[in-house]
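Take a look at the letters that make up each chain.
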Amino acid sequence: MAVRPLGVSGLSVTPIGLGLAALGRPAYINVSRELGEDRSVAGLERRTHGVLEAAYAAGIRYFDAARSYGRAEQFLASWLASCRPGGVTVGSKWGYRYIGGWQMDADVHEVKEHSLEMLEGQLDESRRWLGRNLDLYQIHSATPESGVLEDRAVLRRLGELRRDGLVIGLSVSGPGQTDAIRQALDLSVDGVAVFQCVQATWNVLEPSAGPALTEAKQAGWGVIVKEALANGRLVSGEESRLLGKLAATHGVGSDAIALAAVLAQPFPDVVLSGATSASQVQSNLAAMSVELTSDDLDVLQTGQQPREAYWDTRSSLSWH
């Protein structure tokens, strides 16, 4: 898999990256998640190492974590230390804290806080695990409602981190993704843009952020796409039917069609796989061999849902 730039940030990525949201904790909101019976810390660390090794062997060079992904940073760090892989780029995020206590049925699994204190504390934690491997640090789920994009103390600190050589980005989520991206595009500290990268949800059910992501791309930002499979909804259940015929035509799984639909857009530098097994890595990577026609893309466009309805359904998904 060819390496390419992450915008003008100076970092390099591959068209498909690996996200660790579903691997670093025993429960997650993914309707097609496969983790097996052993969800102990040691068991998930072994599984994470196996998936990382399969991804690296297949050519994936971008790995995405977050402080709230349970022990994802810890598992990634132990794999990096043991395997010492070359040429990888690592991104992580701050702004949520995992509080699930490694329980499947926790009442609350994570809490959101975008304060300066949270940034400083979680940056220290991320650096403790990832050290010099940390290349990209992102606000986790910046929304217009959170107020983080108007917090001058946070923005000044992020500007300092950028001047010190850390690439700074934001992830966005919810029905206000477009507004958050465009607000962030205009932000600067002492005449220097704060952000160099955005990570956003785009899939065939919820493509509304596409125009704003194209603007970010044109501004030189790196663009990372998450939730291409709509938290598993596009490979399991009624909504997967939209991709089924195309998958049969192209001789791949529905997951590969969903990822190929992202890769066919003009804006992404990298789309994240959320694979939880080596076989899922291989199935996802089949997207690289799929060339969707304009007719195929027209078919997929018929699956678009009203933005608010999509996010209402996502917010109702249970942790399991």
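I will try to describe carefully the structure that is included in this document. Keep in mind that what you see is a predicted model, and the values were worked out from it rather than measured.

1. A closer look at the environment of W319
Of note, W319 is situated in the segment after α11 (307-316). Note on W319: relative accessible area 25%, which makes it partly exposed. Residues W319 and A261 lie 58 residues apart in sequence; the distance between their C-alpha atoms is 27 Å.

2. Topic: the sheet that holds strand β9 (residues 167-172)
What the eight strands build is a closed barrel, ordered β3-β4-β5-β8-β9-β12-β13-β14; its pairing is parallel. With strand direction ignored, the average angle separating the axes of adjacent strands in the sheet is 25 degrees. Set on the sheet, helix α4 (residues 152-163) makes contact with β5 (89-94), β8 (134-142) and β9; between it and β9 the angle comes to about 135 degrees. Contacts from helix α8 (residues 254-263) reach β3 (16-19), β13 (222-226) and β14 (270-273) within the one sheet, and its direction differs from that of β14 by about 160 degrees.

3. Thoughts on the pairing of β8
Looking along a regular strand, one sees side chains alternate from face to face of the sheet. With nine of nine residues buried, β8 is to be regarded as a mostly interior element. Inspection of the sheet shows β5 paired to β8 by five bridges, in the parallel sense. Looking at β8, one finds that G91 is bridged to L136. Where β8 meets β9, five bridges bridge the pair, whose relative direction is parallel. Considered in β9, the bridge of Y137 is made with I168.

4. Some details on the side chain of T14
One can find T14 in the loop between β2 (12-13) and β3. For T14, a relative accessible area of 0% puts it in the buried group. Side-chain polar atoms of T14 contact the backbone oxygen of I16, separated by 2.9 Å. At a separation of 3.0 Å, a polar atom in the side chain of T14 contacts the main-chain amide nitrogen of R61. In contact with T14, other than residues within four places in its own chain, are M1, A2, V3, G59, I60, R61, Y62, D269 and V270.

5. Observations concerning the pattern of salt bridges
In the structure shown here, the tally under the stated rule is twelve salt bridges. A salt bridge links E125 to R97, with the shortest nitrogen-to-oxygen separation between them at 3.6 Å. Of this pair, E125 sits in helix α3 (residues 116-130) while R97 sits in strand β6 (residues 96-98), and the two are 28 residues apart along the sequence. Note that R157 is salt-bridged to E120, the shortest N-O span being 2.9 Å. With R157 in helix α4 and E120 in helix α3, this residue pair connects regions lying 37 residues apart in the sequence. By relative accessible area, R157 is classed as buried at 18%. The class of E120 is partly exposed, set by a relative accessible area of 28%. Members of the salt-bridge network, linked through shared partners, are R67, E73, R97 and E125.

6. Considering the packing of α8 against helix α9 (residues 278-285)
Close contact between α8 and α9 brings their axes to 7 Å; oriented N to C, the two are set at 50 degrees. With respect to α9, the element α8 is oriented oblique. The way α8 lies across α9 gives a crossing that is right-handed. Contact residues: D255, A256 and L259 in α8; Q280, S283 and N284 in α9. For the contact of α8 with α9, the per-class residue count stands at two nonpolar, three polar and one charged.

7. Remarks on helix α5 (residues 177-185)
Of the residues making up α5, those classed as buried are Q177, T178, A180, I181 and A184. Down the axis of α5, the smallest arc covering the buried residues is 165 degrees, so these residues share one side. Next to the buried residues of α5 lie β8, β9, β12 (197-201), α6 (210-218) and α11.

8. Describing helix α1 (residues 41-57)
When the terminal C-alpha atoms of α1 are compared, their 24 Å separation across 17 residues agrees well with the 24 Å that a helix rising 1.5 Å per residue should span. Its buried side turned inward, α1 meets β3, β4 (62-64), α2 (72-83) and α9. Positioned one or two residues after α1, G59 has a phi angle of 110 degrees, which is positive.

9. Some points on the layout of surface pockets
Of the volumes computed, that of the largest pocket is approximately 1,000 Å³. What lines the largest pocket is a set of 48 residues, among which Y28, I29, E227, N231 and R314 lie closest to the centre. Taken together, the elements giving at least two residues each to the lining of the largest pocket come down to β8, α8, β14, α9 and α11.

Thresholds, definitions, all that
Residues numbered from 1 in each chain as written. Predicted model: local features only at pLDDT ≥ 70, side-chain atom pairs only at ≥ 80, totals over all residues. Heavy atoms only, no water. Helix = DSSP H or I, 4+ residues; strand = E, 2+ residues; numbered from the N terminus. Buried < 20%, exposed > 50% of the residue type's maximum accessible area, 1.4 Å probe, protein only. Pairing = 2+ DSSP bridges. Axes fitted to C-alpha atoms, helices over the stretch in contact; angles between N-to-C directions. Contact = heavy atoms within 4.5 Å. Polar contact = N/O pair within 3.5 Å; in protein donor to acceptor, adjacent residues only side chain to side chain. Salt bridge = Lys/Arg side-chain N within 4 Å of Asp/Glu carboxyl O. Parallel < 35°, antiparallel > 145°, perpendicular 65-115°, else oblique. Left-handed = near helix turned anticlockwise from the far one by under 90°. Nonpolar A, V, L, I, M, F, W, Y, C, P; charged D, E, K, R; others polar. Arc of directions from axis to C-beta. Expected span 1.5 Å × (residues − 1). 1 Å grid on protein atoms, 1.4 Å probe; cavity = no way out; pocket = protein on both sides within 12 Å on 5 of 7 lines; lining within 4 Å. Points joined across faces, edges and corners; volume = space filled by probe spheres on them.

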